[in-house]
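Residue-level structural notes
The lines below spell out each chain.
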Amino acid sequence: MPEGPRDTAQVAQPSRGGGPPGVLSGPIVPTLLRLALPTVVVLVIQTLVGVTETYFVSYLGTQALAGVALVFPVLMLMQMMSNGGIGGGVASAVARALGADRRADAQALIWHAIVLACGLGLVFMAAAIAGGPALYRAMGGSGDALTAALTYSNIVFAGAVPLWIVALMSSVLRGTGNVQVPALITLAGAVVLVPLSPALIFGWGPFPRLGVAGGGTAVVIYYVLAAAMLLGYLRSGRSPLKLAIVPLRMRLFRDILSVGLLSAIGTVQVNLTVACVTAAVGRFGADAIAGYGIASRLDYIQIPLLFGLGTAAVTMVGINVGANQMARARRIAWIGAAIAFGVTELIGILAAVFPRTWLGLFSDEPNVLALGTLYLRTVAPVYGAIGLGMALYFASQGAKRVLWPVLAGTMRMLVAAFVGWAAVAWLGADLSTLFQIVALAAVLFGLVTAAAVLGGAWDRSPAGAIPAPAEMRESGFT
């Protein structure tokens, strides 16, 4: 892994009772963007790598494309739970510990996060392999599409443990404000995956032709290498916190899970919503699944932006909450939300006006294109509401106040997943009606989350907040 200049690591080193420069005082936007930009840029590249894989899989035919589309919501569940769910709890706990000048706790949280990563990775691996056939059938998979889904799923989920380690160790570093190292490792992974994935899919050079299995194999290889690089960095002297085996303490697990479990429920809701909508779309056939799958990938391509801004907000809000600067924490939350709303709404408008610019990258089949266009013209115009809600959700992780964003996600799930599925299955609704219900649910999520934060969901001092030490007050941090 590239070492980078020594002074880069020193900048990432948290100051006593604080964090990176500009977190506890000074202009908010430059610091927010400085922390967000490396993550956004590199995750955009990573997302484009995933899109590239879909492009290569499309050459295997509609059934293979539909099979990967079936696995995608389940894989995203694990990735979002590990990064934005439990990972959000890890980043929040580390940031609040550093803000309150509890450096020993921040360092001990690394080992506790590794223990969680191993346990949760094994749970996901066992559940996906054992329950995959029934799940993908329930989502509408059959025949060759189901075979492709199971092949891809079994390989990808065999690498669940290293995926969780990468997510939680990256969250540790982001909690300290060190966004450069996770970004560099993700970028290195993109460089590996771009040639490796098609080489394994099509059998280029010395590699065997594995078909759909090749794409999954390339993903697992990346996560194994990335996990090794992150653990090596955290053991080195360049890391802002150093990995060491420490006695396990329930207090530190609670500090992670008090945020992480509710956040994980939120990610389950998002992906259960996608899975149920996919199942409803699946009732209209493989072309409908393929069209919806490639159109809804644009929903996920916004994740780098929202995750980058969100994790920057977790760090900044968490450190300010730890230092008892609640007014500044709120300002950070709303500024991040405004940026997220503006950019995602712009993406949505462009997608609704020019849907085939996106869809044409993956298919030229008229029916697939028509169904994908229907989705984008119905749902994409409300992307701004999703951006607003997600930004405030991440900020609420930093504040240790995620209940209302999760409840807003529950409302979204009930409307989009259950009402949408019931409308199709029981009332005979068409795809247009289903997509209108999905759009309504997105608006509800954004409005309820914003109303909750505006209405005082952060008013009480977060549990576990520690008054700033005297030396911090004297140094002007608070």
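Our subject is the structure that appears above.
Just so it is clear, the model here is predicted, and its values are computed rather than measured.

Moving on, we get to the overall build of the chain. What the chain contains, in helices and strands, is 18 helices and zero strands. Counting only C-alpha atoms, the chain reaches 70 × 55 × 35 Å along its principal axes. Taking the intrachain contacts of the chain between residues at least 6 apart in sequence as the baseline, contacts between residues at least 24 apart amount to 84%. Looking at the chain as shown, the accessible area adds up to about 17,700 Å², and 70% of this sits on carbon and sulfur atoms. When the 27 positive and 16 negative side-chain charges of the chain are each reduced to one mean point, those points stand 9 Å apart.

The subject of this paragraph is the environment of R401. Looking at where R401 falls in the secondary structure, it is placed in the loop between α15 (383-398) and α16 (403-425). A residue is classified by how much of its surface remains accessible, and R401, at 14% relative accessible area, is buried.

On to a nonpolar patch on the surface, then. There is a patch of nonpolar side chains on the surface, built from L37, V41, I45, L184, L187 and V191 and spanning about 470 Å² of accessible area. Of all the elements in the fold, those that place two or more residues in the nonpolar patch are α2 (28-58) and α7 (180-202). Among the secondary structure elements, I45 is positioned in helix α2. I45 gets classed as partly exposed once you look at its relative accessible area, which sits at 31%.

What follows concerns the packing of aromatic side chains. Under the defined criterion, the tally for this structure stands at 14 aromatic pairs. Their ring planes at 80° and their centres at 5.3 Å tell us that Y292 and Y375 sit as a pair that is edge-to-face. With a gap of 83 residues between them, Y292 in helix α10 (residues 286-301) and Y375 in helix α14 (residues 366-379) connect regions that are remote in the sequence. Note on Y393 and F394: the rings are 5.3 Å apart at their centroids and 65° apart in plane angle, and the pair reads as edge-to-face. With a relative accessible area of 5%, F394 lands in the buried category. Pairwise contacts between aromatic rings join Y55, F56, Y59, F202 and W204 into one cluster. Taking the ring centre of F72 as reference, the NZ or CZ of R297 above it sits at 3.8 Å.

On to the pattern of salt bridges. On inspection of all chains with the given rule, the structure shows five salt bridges. For D255, the salt bridge is made with R96, and the minimal N-O distance between the two is 3.0 Å. In this pair, D255 sits in helix α9 (residues 250-282) while R96 sits in helix α3 (residues 62-99), placing the two residues 159 residues apart along the sequence. This pair shows no difference in class: D255 is buried, exactly as R96 is.

Running from N to C, α9 and helix α17 (residues 431-454) point in directions that differ by 170°, and their axes come no closer than 11 Å. Relative to α17, the element α9 lies roughly antiparallel. Of α17, the residues touching α9 (which contributes V277, A280 and V281) are L431, L434, F435 and V438. Per-class residue counts for the contact of α9 with α17 are seven nonpolar, no polar and no charged.

The end-to-end C-alpha distance of α14, which contains 14 residues, comes to 20 Å, matching closely the 20 Å that a straight helix rising 1.5 Å per residue would cover. Within α14, the full set of buried residues consists of V368, L369, L371, G372, T373, Y375, L376, T378 and V379. As for α14, its buried residues are in contact with α10, α12 (326-353), α13 (355-359), α15 and α17.

Along the polypeptide, G266 turns up in helix α9. Since its relative accessible area comes to 10%, G266 is described here as buried. Here the alpha-carbon distance between G266 and V90, two residues 176 residues apart in the chain, equals 16 Å.

Let us now look at the packing of α9 against α10. Packing of α9 against α10 leaves a shortest axis separation of 9 Å and a crossing angle of 155°. Judged by the angle between their axes, α9 and α10 are roughly antiparallel. The handedness of the crossing between α9 and α10 comes out as right-handed. Taking contact as the criterion, the partners of N271, V274, V277, T278, V281 and G282 in α9 are, on α10, A288, I289, Y292 and Y300.

The subject of this paragraph is the nonpolar core. Counting residues in hydrophobic clusters, the biggest one holds 85 residues, and the most contacted among them are L376 and W458. The leading source of residues in this core is α17, at twelve residues. For L376, the contacting residues outside a window of four places in its chain are A295, L298, A351, A352, P355, W358, L359, P381 and Y383. One finds A64, M78, I114 and L150 within the second-largest nonpolar core, a separate group that totals 75 residues.

Reading guide: rules and limits
- Residues numbered from 1 in each chain as written.
- Predicted model: local features only at pLDDT ≥ 70, side-chain atom pairs only at ≥ 80, totals over all residues.
- Heavy atoms only, no water.
- Helix = DSSP H or I, 4+ residues; strand = E, 2+ residues; numbered from the N terminus.
- Contact = heavy atoms within 4.5 Å.
- Areas by Shrake-Rupley, 256 points an atom, 1.4 Å probe, with all protein chains shown as cover.
- Lys, Arg positive; Asp, Glu negative; His and termini not counted.
- Charge placed at Lys NZ, Arg CZ, Asp CG, Glu CD.
- Buried < 20%, exposed > 50% of the residue type's maximum accessible area, 1.4 Å probe, protein only.
- Patch = residues over 30% accessible without salt bridge, like charges linked within 9 Å, V, L, I, M, F, W, Y side chains within 5 Å.
- Salt bridge = Lys/Arg side-chain N within 4 Å of Asp/Glu carboxyl O.
- Phe/Tyr/Trp six-rings, centres within 6.5 Å; stacked < 30°, edge-to-face > 60°.
- Lys NZ or Arg CZ within 6 Å of the ring centre and 35° of its normal.
- Axes fitted to C-alpha atoms, helices over the stretch in contact; angles between N-to-C directions.
- Parallel < 35°, antiparallel > 145°, perpendicular 65-115°, else oblique.
- Nonpolar A, V, L, I, M, F, W, Y, C, P; charged D, E, K, R; others polar.
- Expected span 1.5 Å × (residues − 1).
- Left-handed = near helix turned anticlockwise from the far one by under 90°.
- Core = buried A, V, L, I, M, F, W, Y, C linked by side-chain atoms within 4.5 Å.

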